[in-house]
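Here's the letter readout for the chains.
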Amino acid sequence: SRLRELGLQPLESHANFVYVPMQKAKETYERLLRLGLVVRPFDEAIRITVHTPQANGRLLDALEQANG
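As a starting point, this report considers the structure included with it. Each chain has its residues counted from 1, running along the sequence as written. In view of the model being predicted, local features appear only for residues whose pLDDT reaches at least 70, and side-chain atom pairs are presented and counted only at 80 or more, with totals across whole chains, interfaces and linings using the full set of residues. To obtain the side-chain values, all non-hydrogen atoms of the structure were used and water was disregarded.

**Comments concerning the pairing of strand E1 (residues 17-21)**
Our working definition: Between buried and exposed lies partly exposed: a residue is buried under 20% and exposed over 50% of the maximum accessible area for its type, with that area taken using a 1.4 Å probe on protein chains only. Comment: elements are numbered from the N terminus, with helices defined as DSSP H or I runs of at least four residues and strands as E runs of at least two. Here a strand pair is declared whenever DSSP counts at least two bridges between the two strands.
Taking every second residue as pointing to the same face, the buried face of E1 carries Val18 and Val20, while none of Phe17, Tyr19 and Pro21 on the other face is buried. As paired strands, E1 and strand E3 (residues 45-49) are joined by five bridges and run antiparallel to one another. What sits directly across from Val20, in E3, is Ile46.

Pasting the structure below:
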């Protein structure tokens, strides 16, 4: 739900990851990587692996700053 609050539209998932279509996915990937946060980049999306609540929160905070 927090991804949606950030204006992103993750696809429904039944796995341990979420596929999140976005503009500038590669740039977002690189920005997150510089912060030590690893996601899998695609041309028009990133794939986020679900981790602990603390790790997920850190990633969501970084995405909020990147989109804000």
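**Notes on the packing of aromatic side chains**
Worth spelling out the cut-off: When the centres of two rings from Phe, Tyr and Trp lie within 6.5 Å, Trp using its six-membered ring, the rings pair. Their planes under 30 degrees apart give stacked, over 60 give edge-to-face, and anything left gives tilted. A ring is scored as having a charge over it whenever the NZ atom of a lysine or the CZ atom of an arginine sits within 6 Å of its centre and within 35 degrees of its normal.
As enumerated under the stated definition, the model contains one aromatic pair in all. It is Arg47 that lies over the ring of Phe17; its NZ or CZ is 4.2 Å from the centre.

**Re the pattern of salt bridges**
Worth spelling out the cut-off: Think of a salt bridge as a Lys or Arg side-chain nitrogen and an Asp or Glu carboxyl oxygen that are within 4 Å of each other.
Under the criterion given, the structure shown has two salt bridges. In this structure, the salt-bridge partner of Asp61 is Arg2, at a minimum N-O distance of 2.6 Å. In this pair, Asp61 is assigned in helix H3 (residues 53-67) and Arg2 in helix H1 (residues 2-5), connecting sequence segments 59 residues apart. Take Arg2: its relative accessible area is 26%, and that puts it in the partly exposed class.

**Comments concerning the environment of Asp43**
Rule in force here: The contact rule is simple, with two residues in contact once any of their heavy atoms fall within 4.5 Å.
Relative to the assigned elements, Asp43 resides in the loop between strand E2 (40-42) and E3. Each C-alpha atom, one on Asp43 and one on Pro21, is 9.1 Å from the other, the two residues being 22 residues apart in sequence. Look past the residues within four positions of Asp43 in its chain and what remains in contact with it is Ala25 and Lys26.

In short, shape yes, function no, at least from these values alone.
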